[in-house]
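Fold and geometry: a report
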Amino acid sequence: MSERIRESNALLNYRYNYISYSDLAFTAKLEKVVQKVQRILGEAKDPVLTLREAEHKYEDKYLLAEFLGAVAVGGWWNAAGQIGVTDSVREKAVGWGRDGEAVMLRFEMKTSCKYFGKETKEVEPAVELVTETAAKRGRKSTKKSTKTVLKVTEHSWGFEGTYSLSLYKGSDAGVKEAVPISVATCKTTLKTLKGKATPPHPESTTAKPVDVDISFLVRALGKDGEAARVEIDRSSDETHTPRRNKPTEELSDLFAGVYVWTNRVWDVFRTNLPSHPSKEATDPDSIFDPVAPVLRKDTGTPPLPSSLLAAQMDSFPTFHSAAAADNDNDDDDDLVVVADNGSSSSSSSSEGGPATGTKTAALCTRREEHFLTMLNHMMELSLSYRNGVEYLEATLMRQLEQAVGRQLAPADFGEYMQHHYASFFNEQYRPRMFCHSVRREGCYPEGVISLDCNNSKGEEERPVEMFQRVFGRQETTARINSSTVVTMEAELEAHCWVSHAFESERGVRGVLKAAARQFSCYVVMLGKLGPGKEFLPSNALIVKDKDEVRIPLEVEAIPTPKAFEVAVSSLSPEQQEFAEAYRVMQLEGSLFGVAVIQIKPQLEELLKLPTASLTKEVELTQSILQLFIDYHIPPDLIM
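Being a predicted model, the structure only gives us computed values, none of them experimental.

Here's the deal with the pattern of salt bridges
- Tallied over the entire structure, the rule returns 16 salt bridges.
- Put simply, Asp-211 and Arg-106 hold a salt bridge, and the shortest N to O gap is 2.7 Å. Separated by 105 residues along the polypeptide, Asp-211 in strand S8 (residues 210–213) and Arg-106 in strand S2 (residues 103–123) bring together distant segments of the chain.
- Given the relative accessible area of 9%, Arg-106 is considered buried.

In C-alpha cells, the structure reads:
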C-alpha cells in the first residue's frame, strides 16, 4: 500500500469517526461517565449531573467549554508522559512555545531483516499408516506400520524494528535540533519453510515520518508548564457560542490532527511489523476518560480538573521498567513462522494464529502494548473533547427550540424580520411583496408577475418582500440583436431583496412567476441593467392564454466590500487596480432586470387604431397574434 493511499485512508477514517457526532450515542456514554465521576469525587460529598440535568446559566456553558479544554489538554499530557515525555521535555516545549515557535511531535520507524542461515529438519507426520494382514490356516494376523519422514529446510531471518518519538520546533529544518523522547527496539526471528532463501520482509525500510503540530497543547500549559488552561474571550467579535469561538475551534482542529496522527502511527505498526498487539491488548476502555461535560449539583459549576486528571493517572496500566520489556525479547521461543507466501503469524496477534506444529512468540512486548494503548487513549481524548463541545452546542440548540417551540429555518428569520419591519420603518419605506399586475390604466389585469422563494428543504413557495423605490416614467433602450434597438418608456422601479440563510445551508432560492388570463398576452424579457440605463436582455418569452411560467433564478454571490478589501490587500498595485475595475463591472452588470411589454397597445399603435379598440375584439386580436407569432407575417402586409 502506497504512502498516499495510507494517508487517504487515515483522512477518511477521521472524517467518518471524528466529524460525525451522534447526540444519542454520546448521551448514553455520558451516563456511564457520570457514574465513574461520582465514584471518584464521592457521590454524597460532591454529586455531579450532566449539563441537561443540572440547573445552570449561559455562563456555565462557557465554563464547561473551558473545563473540557483544560481536562483534554491535561489528559493528553498525562498520556504523553506515559510514552516518554518527561518534565524536562515538556519544559523545553513550553520554552519553544513561549518564543512563538511551532512545536511538532514526530514518530519514526525503521526495520531490518538479516539472513541467519538455514537448517534441515526431519518432521514426522501426525498420521501413521498401519497395514493389517488377516490370519490364514492357523497363522496369526500381522500388522505393519509405515511412517514417512519429511525433510524440511528452514531459513532463519533476524527481524528488528526500531521506533522513536521526538520533539522539534518549526519546520523540517528544526529536526536537526530535535529532542528525543523515547527509542525502542523489538526483535524476533522469522523462519521461512522450503523454497529459496527469499527474505520475508525487505532488508531495510524507513517509514515516512508521521508529524503532528501540538503548538496549542503547549501554549495551553501556561507559563509554569504544569496546569492546563483554556480561556475563551466572551467579548471578542469571533466568539458566538461556547462552541463557536476561536480557542475552541483551534483546539478542535488540533485534536483532529492528533486523531489522524494516532491512526497513521497505528498504520505504520500494521504495515511494517510482521505482527502487532491485538486490539484487546490495547483496549483504552480500562483507562478513565476525564473529558466529560458534567456540573456539580450544589454549585452548578464544573468539578476541578486536577481531581479528574489525578484519577486518570491512577487508572493508567502499570509499566515503568524498560528492562523488563527488553527481557521479553530475550525469550528462547521468540519466533514468528513465515510460510512460503510470506504471510506471518504470531501467537499474540489478532490478525492470525501460529503455523501448525510450530511454537511462536510475540514480536511486540508489553512495551509496545503500553505504547499503543496510550495512543488509543489519545484518540479517545480527541473524540471525547469533540463530542463534549458538540454536546454543548446541541444542548444550546435544544433549549432554544424548547423556548420558541420549533426548529428555526431561514424562512423563520424572514418572517421575524417582516414582523419587525413594521416598527422599524414608516409606511412608505416598508418592504412590499414583489407582485405586480400587468394591466392598462383603467382596465382589468391581463396577468400577474411575481417573485416567490423557497428553501432547499422544498417548503411551500411564498412571495418575497422587497424594498423598492419608484423612479417614475423613464426612457431606456434594449438591444434585441446587432441591428435592432428598442426604445421603451415605462415606469422604472428598483427592488432590493434581503435573503436570510444559515451558513451550513444553501438558503432560499427565488422563482420568477408569470401568469396570463384567457385571451390576454404580454412579453417578458429577462436580462441585466447595463450602464447608461441600457437594458441587456438575455431571454424573452410570450405569456398568453392562461399560461403559467416558473423561472428558477440562480444567484451568484460576489464578495462584500470588507471581504474584497481583505482579498486585495496583498496584491500588487496593478492587480488591485484591475480587481477594482472588474468589481465595478460586476456591480454594474449584476442588477437583474425584468421588462414587461403589453402586446395589445403595441398592436393598436401598429395598426393605427384608437386606444383600447382591441380590448373587446377578441377574435380579431387572436387572428392577428397568430399571424405574427406562428407565421411571422411582416407588419407591412397587415397595415
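Quick word on the side chain of Asn-245
- Relative to the helices and strands, Asn-245 is located in the loop between helix H5 (215–219) and helix H6 (246–272).
- Of the polar contacts made by the side chain of Asn-245, one reaches the backbone oxygen of Pro-242; its length is 2.8 Å.
- If sequence neighbours within four positions are ignored, Asn-245 has contacts with Ile-232, Glu-238 and Thr-239.

Considering the environment of Arg-462
- You can see Arg-462 is positioned in strand S14 (residues 462–463).
- Owing to a relative accessible area of 22%, Arg-462 belongs among the partly exposed residues under this scheme.

Let's talk about empty space enclosed by the protein
- The final tally for this structure, using the stated rule, is five cavities of 30 Å³ or more.
- Its boundaries defined by the atoms lining it, the largest cavity holds a volume of some 210 Å³.
- If you trace the largest cavity, you find 20 residues lining it, with Gly-414, Gln-418, Trp-497, Val-498 and His-500 closest to the centre.
- No other element matches the seven residues that helix H10 (residues 410–424) contributes to the lining of the largest cavity.
- For the lining of the largest cavity, the per-class residue count stands at 13 nonpolar, four polar and three charged.

Points about the packing of aromatic side chains
- This model, assessed by the stated rule, comprises 15 aromatic pairs.
- Look at Phe-255 and Tyr-385: their rings are 5.4 Å apart centre to centre, the planes differ by 45°, and that puts the pair in the tilted class. In this pair, Phe-255 sits in helix H6 while Tyr-385 sits in helix H9 (residues 366–404), placing the two residues 130 residues apart along the sequence. The same class applies to Phe-255 as to Tyr-385, namely buried.

Things to note about the packing of H6 against H9
- At a minimum axis distance of 9 Å, the contact between H6 and H9 shows a crossing angle of 150°. In terms of orientation, H6 and H9 fall into the roughly antiparallel class. H6 and H9 meet at a crossing whose hand is left-handed. Residues Thr-248, Leu-251, Ser-252, Phe-255, Val-258, Tyr-259, Trp-261, Thr-262, Asn-263, Val-265, Trp-266 and Phe-269 of H6 touch H9, and the partners they reach there are Glu-368, Phe-371, Leu-372, Leu-375, Asn-376, Met-378, Met-379, Ser-382, Leu-383, Tyr-385 and Val-389.

Section: the nonpolar core
- Counting residues in hydrophobic clusters, the biggest one holds 83 residues, and the most contacted among them are Trp-76, Trp-77, Phe-107, Ile-214, Trp-261 and Phe-371.
- Examining the composition of this core, we find that twelve residues originate from one element, helix H3 (residues 58–82), more than from any other.
- When neighbours within four sequence positions are excluded, Trp-76 is seen to be in contact with Leu-105, Ile-214, Leu-217, Phe-255, Val-258, Met-378 and Leu-381.
- Membership of the second largest hydrophobic core comes to 15 residues, among which are Phe-434, Met-466, Ala-514 and Leu-553.

Details of the pairing of strand S13 (residues 447–454)
- Of all eight residues in S13, seven are buried, a share of seventy percent or more.
- Where strand S12 (residues 435–438) meets S13, four bridges bridge the pair, whose relative direction is antiparallel. Across the sheet, residue Val-438 finds its bridge partner in S13, namely Gly-447.
- As paired strands, S13 and strand S17 (residues 509–516) are joined by eight bridges and run antiparallel to one another. Bridging across to S17, Ser-450 finds its partner in Lys-513.
- Bridging between S13 and S14 involves two bridges; their strand directions are antiparallel. Of the residues in S14, the one forming a bridge with Asp-452 is Pro-463.

Cut-offs used in this document
- Residues numbered from 1 in each chain as written.
- Predicted model: local features only at pLDDT ≥ 70, side-chain atom pairs only at ≥ 80, totals over all residues.
- Heavy atoms only, no water.
- Salt bridge = Lys/Arg side-chain N within 4 Å of Asp/Glu carboxyl O.
- Helix = DSSP H or I, 4+ residues; strand = E, 2+ residues; numbered from the N terminus.
- Buried < 20%, exposed > 50% of the residue type's maximum accessible area, 1.4 Å probe, protein only.
- Polar contact = N/O pair within 3.5 Å; in protein donor to acceptor, adjacent residues only side chain to side chain.
- Contact = heavy atoms within 4.5 Å.
- 1 Å grid on protein atoms, 1.4 Å probe; cavity = no way out; pocket = protein on both sides within 12 Å on 5 of 7 lines; lining within 4 Å.
- Points joined across faces, edges and corners; volume = space filled by probe spheres on them.
- Nonpolar A, V, L, I, M, F, W, Y, C, P; charged D, E, K, R; others polar.
- Phe/Tyr/Trp six-rings, centres within 6.5 Å; stacked < 30°, edge-to-face > 60°.
- Axes fitted to C-alpha atoms, helices over the stretch in contact; angles between N-to-C directions.
- Parallel < 35°, antiparallel > 145°, perpendicular 65-115°, else oblique.
- Left-handed = near helix turned anticlockwise from the far one by under 90°.
- Core = buried A, V, L, I, M, F, W, Y, C linked by side-chain atoms within 4.5 Å.
- Pairing = 2+ DSSP bridges.

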